[in-house]
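Each chain, written out:
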Amino acid sequence: MAAPKRPQFVLFGSSIVQISYSNGGWGAHLADIYSRKADIILRGYNGWNSRRALEVVHQVFPKDAAIQPDLVVVYFGGNDSMDPHPSGLSPHVPLPEYVENMRSIAIHLTSLSDQTRIIFLSCLPVNEEQFRSKSKLVRSNEACQRYSEACIQLCRDMRVKVIDLYTAIQKTDNWKTSSFTDGAHLSSGGSKIVVDEILKVLKEAEWEPSLYWKSLPSEFAENRLSAHKEDTINADEWTLYRENWH
């Protein structure tokens, strides 16, 4: 029996994506939630900004690929929003350029196929004090907010799904200490917020076919176990070990 084609989800971004499989990260949670339902592919690059991403987006997502992703989740903005450094080594990208870079990335991704869906994640806030203790670069919440709002407005203009992570993270009590490992990168608690927000978008999106995890079939979902016919349970759908995701 041939296996049904699994949807392909690609996570594309900076270190927020690269380390999302570590320490209870949001990428690992998505891979678990979508096990036997979709393939979660990591394309994360530590230290990258939108300028570097735009340089290679055509290589990461070639238009002539035999299989195009069903969903691309994009995160750039944290590094772009850092203050410039006298050495010129800061990953800072001026806000107008950031917006145009993200626009170009969105245009390319939407051109891959009629079935390719996109979700942009806006710039995260930071624990400024904790970040300063670990880095010589400067990252402020004032700048993070400006880049977040610019990303959200761009997505609204382009009718691209977007998640306001700057606001979502700050809804949690003690978010500065509970959401980050070093002031900028997500802890397991922060990652759970990201997963919740992504699942919310996937559940509410009027996409055909739906990419929400409960709407997708499990691969080879025929492993039925029961001592009595009336109590048949499909073992392939067991999620007892998992967080109570909605």
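As annotated in an unreviewed UniProt entry, the protein is SGNH hydrolase-type esterase domain-containing protein from Coptis chinensis.

**Details of the pattern of salt bridges**
By the definition in use, this model includes nine salt bridges. Asp70 is paired through a salt bridge with Lys5; the nearest N and O atoms lie 3.5 Å apart. Here Asp70, found in the loop between helix H3 (50–60) and strand E3 (71–75), pairs with Lys5, found in the segment before strand E1 (8–13); they are 65 residues apart in sequence, far enough to count as distant. On the basis of relative accessibility, which here comes to 15%, the residue Asp70 falls in the buried class. A salt bridge links Glu55 to Arg52; the shortest N-O distance between them is 3.0 Å. Taken together, the positions of Glu55 and Arg52, both in helix H3 and three residues apart, correspond to about one turn of that helix. Overall, Arg52 belongs to the partly exposed group, its relative accessible area being 35%. A single salt-bridge network, built from bridges that share partners, covers Arg6, Asp39 and Glu219.

**Considerations on the packing of aromatic side chains**
Under the counting rule described, the total for this entry stands at eight aromatic pairs. Seen from their ring centres, Phe12 and Phe76 are 5.1 Å apart, and the 80 degrees between their planes marks the pair as edge-to-face. A residue pair is termed long-range when its members are at least 10 positions apart, and Phe12 in strand E1 and Phe76 in the loop between E3 and helix H4 (95–110) qualify at 64 residues. With respect to class, Phe12 is no different from Phe76; both count as buried. Between Tyr45 and Trp48 the ring centres are 4.2 Å apart and the planes differ by 15 degrees, which places this aromatic pair in the stacked class. A relative accessible area of 23% places Tyr45 in the partly exposed class. Taken together through their ring pairs, the aromatic side chains of Phe12, Tyr45, Trp48, Phe61 and Phe76 make up a single cluster. Here the basic side chain of Arg139 rests over the ring of Phe131, its NZ or CZ set 5.2 Å away from the ring centre.

**Observations regarding the sheet that holds strand E4 (residues 117–121)**
With respect to topology, five strands assemble into an open sheet ordered E2-E1-E3-E4-E5, the strand pairing being parallel. Single-partner strands in this sheet number two, and they are strand E2 (39–44) and strand E5 (161–163). Between one strand axis and the next, the sheet turns through 20 degrees on average, direction left out of account. Pairing of E1 with E2 involves six bridges; the strand directions are parallel.

**Overview of the environment of Ala150**
Within the element layout of this structure, Ala150 appears in helix H6 (residues 141–158). Discounting chain neighbours no more than four positions away, the residues touching Ala150 are Leu95 and Val99.

**Quick look at the packing of H4 against H6**
Where H4 meets H6, the axes come as close as 10 Å, and the angle between the chain directions of the two elements is 40 degrees. Between H4 and H6, the angle is such that the two are oblique. Once H4 is placed against H6, the crossing between them reads as right-handed. Taking contact as the criterion, the partners of Leu95, Tyr98, Val99, Met102, Arg103, Ala106 and Ile107 in H4 are, on H6, Arg146, Tyr147, Ala150, Cys151, Leu154 and Met158. Split by residue class, the contact of H4 with H6 holds 11 nonpolar, no polar and two charged.

Definitions and limits used
- Residues numbered from 1 in each chain as written.
- Predicted model: local features only at pLDDT ≥ 70, side-chain atom pairs only at ≥ 80, totals over all residues.
- Heavy atoms only, no water.
- Salt bridge = Lys/Arg side-chain N within 4 Å of Asp/Glu carboxyl O.
- Helix = DSSP H or I, 4+ residues; strand = E, 2+ residues; numbered from the N terminus.
- Buried < 20%, exposed > 50% of the residue type's maximum accessible area, 1.4 Å probe, protein only.
- Phe/Tyr/Trp six-rings, centres within 6.5 Å; stacked < 30°, edge-to-face > 60°.
- Lys NZ or Arg CZ within 6 Å of the ring centre and 35° of its normal.
- Pairing = 2+ DSSP bridges.
- Axes fitted to C-alpha atoms, helices over the stretch in contact; angles between N-to-C directions.
- Contact = heavy atoms within 4.5 Å.
- Parallel < 35°, antiparallel > 145°, perpendicular 65-115°, else oblique.
- Left-handed = near helix turned anticlockwise from the far one by under 90°.
- Nonpolar A, V, L, I, M, F, W, Y, C, P; charged D, E, K, R; others polar.

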